[in-house]
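Residue-level structural notes
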Amino acid sequence: MSSLYERIHQSKAFIEERLSVKAKTAVVLGTGLGEFAHSLTDTIEIPYSDIPHFPVSTVESHQSKLIFGFKSGVPLIIMAGRFHYYEGYTSAQITFPIRVLKALGVEKLLLTNAAGGINPHFREGDIVLVTDHINLLPDHPLRGPNDDRLGPRFPDMMHAYDKELRDTFKEISYTINIPLLDGVYLGLQGPSLETPAEYRMAHVLGADLVGMSTVPEVIVARHEGLKVVVFSIVANVCFPKSILTETTLEQVISVVNKSSKTLQSLLDKYFDKVNE
Ligand code: HPA
């Protein structure tokens, strides 16, 4: 069995053979956010199943491919579909593609997800810029021997969510009049949604959002030295219990689809600005 470092570079070589330009930014699209990929030009798609060592998404609501293309002239790699711990993979496996993105030359990582709203002021469809996280997933992506070529043994998490990038997105949100809230994301394993008592626990712990993804990706991205920004769309309001209702995947997708257009205009403006 080859080492993690070797596997990353085998995946990288496979992808690089198919691309002509390097991208410094990558975007991970979560549940219901696939539409953004359609706004890219001159796209090249690589199914995850073709890439050596990539896991394969088992979630039907997610696509399963890398899309390379241009947004306002800026080269970009999109992960259309991500991997989750609840699919049966380890946290190290689900974050392998993040390491490959870094090896490909990516410096900034924009992650999106659908999340449950714990902050009682949040409403369905709100867009939240994640400022921090609480990791309660049972498997840490950096568990095991550390390869110093990839990152430090004990990466600092003080500045996991890049302040400069957050300020840029806040500025853009003011100029185009899109409310962009702040929040702490609590990562749980799923795949069952939380009980009312668990949502209350999330609130007591200091979370504004709860979800089943993203946190392992952020940890590995920071291990690799990437700058990270995360957007959550509030798919369902979870707290207080008096306003809690049953949630289905269809509802989550429908709420996220509606807000994804707003999030997309924020991203559009960002890439216009990068290109200026
Ligand atoms: N819990 C966990 N993950 C989620 C939720 C939720 O209520 N909504 C969307 N993703």
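Note: the structure precedes this text.
Reference entry: report on the structure contained in this document.

Here is what the cut-offs are and how they apply
Residues numbered from 1 in each chain as written. Predicted model: local features only at pLDDT ≥ 70, side-chain atom pairs only at ≥ 80, totals over all residues. Heavy atoms only, no water. Near = heavy atom within 4 Å. Polar contact = N/O pair within 3.5 Å; in protein donor to acceptor, adjacent residues only side chain to side chain. Helix = DSSP H or I, 4+ residues; strand = E, 2+ residues; numbered from the N terminus. Phe/Tyr/Trp six-rings, centres within 6.5 Å; stacked < 30°, edge-to-face > 60°. Buried < 20%, exposed > 50% of the residue type's maximum accessible area, 1.4 Å probe, protein only. Patch = residues over 30% accessible without salt bridge, like charges linked within 9 Å, V, L, I, M, F, W, Y side chains within 5 Å. Areas by Shrake-Rupley, 256 points an atom, 1.4 Å probe, with all protein chains shown as cover. Salt bridge = Lys/Arg side-chain N within 4 Å of Asp/Glu carboxyl O. Axes fitted to C-alpha atoms, helices over the stretch in contact; angles between N-to-C directions. Left-handed = near helix turned anticlockwise from the far one by under 90°. Contact = heavy atoms within 4.5 Å. Nonpolar A, V, L, I, M, F, W, Y, C, P; charged D, E, K, R; others polar.

Considerations on the site of the ligand
Around the ligand lies a shell formed by Ala 114, Ala 115, Gly 116, Leu 193, Glu 194, Tyr 199, Val 210, Gly 211, Met 212, Asn 236 and Cys 238. Within the backbone of Gly 116, one N or O atom sits 3.3 Å away from a nitrogen atom of the ligand. In this structure, a nitrogen atom belonging to the ligand sits 2.6 Å away from a side-chain N or O atom of Glu 194. Contributing elements (two or more residues each) for the shell around the ligand: strand 5 (108-117) and strand 8 (209-211).

Remarks on the packing of aromatic side chains
Following the criterion strictly, the structure yields 9 aromatic pairs and no others. Ring plane angle 85° and centroid distance 6.1 Å describe the contact between Phe 54 and Phe 96, whose orientation is recorded as edge-to-face. Here Phe 54, found in the loop between strand 2 (41-47) and strand 3 (65-71), pairs with Phe 96, found in helix 3 (residues 96-103); they are 42 residues apart in sequence, far enough to count as distant. On the accessibility criterion, Phe 54 (9% relative accessible area) is buried. A centroid spacing of 4.6 Å and a plane angle of 25° characterise the contact between Phe 169 and Tyr 270, whose relative ring orientation is stacked. Here Phe 169, found in helix 4 (residues 163-175), pairs with Tyr 270, found in helix 7 (residues 249-275); they are 101 residues apart in sequence, far enough to count as distant. Of the two residues, Phe 169 and Tyr 270, both sit in the buried class. Chaining the aromatic ring pairs together yields one cluster made of Phe 36, Phe 169, Phe 231, Tyr 270 and Phe 271.

A closer look at the environment of Arg 149
With respect to the helices, strands and loops of the structure, Arg 149 is situated in the loop between strand 6 (127-135) and helix 4. Measuring from C-alpha to C-alpha, the distance between Arg 149 and Glu 224 comes to 9.1 Å, with 75 residues separating the pair along the chain. For Arg 149, the side chain forms a polar contact with the side chain of Asp 147, separated by 2.9 Å.

A word on a nonpolar patch on the surface
Together, Leu 136, Met 201 and Leu 205 make up a nonpolar patch on the protein surface, roughly 240 Å² of accessible area in all. Tracing the backbone shows Leu 136 in the loop between strand 6 and helix 4. The class for Leu 136 is partly exposed, based on a relative accessible area of 40%.

Regarding the pattern of salt bridges
By the definition in use, this model includes 11 salt bridges. Residue Asp 167 pairs with Lys 163 through a salt bridge whose shortest N-O separation is 3.0 Å. Taken together, the residues span about one helical turn, with Asp 167 and Lys 163 both in helix 4 at a distance of 4 residues. Since its relative accessible area comes to 35%, Asp 167 is described here as partly exposed. One salt bridge in this structure joins Asp 182 and Lys 170, with 2.9 Å as the shortest N-O distance. With Asp 182 in strand 7 (residues 181-187) and Lys 170 in helix 4, this residue pair connects regions lying 12 residues apart in the sequence. Residues joined by salt bridges that share partners form a network here, namely Lys 12, Glu 16 and Lys 22.

Digging into the packing of helix 1 (residues 4-16) against helix 3
Viewed as axis vectors pointing N to C, helix 1 and helix 3 meet at an angle of 65°, and their least axial separation amounts to 9 Å. Taken as a pair, helix 1 and helix 3 cross one another with a handedness that is right-handed. Where helix 1 approaches helix 3, its residues Leu 4, Arg 7, Ile 8, His 9, Ser 11, Lys 12 and Ile 15 are matched on the opposing element by Phe 96, Arg 99, Val 100 and Ala 103. Among the residues making up the contact of helix 1 with helix 3, the classes are represented as 6 nonpolar, 2 polar and 3 charged.

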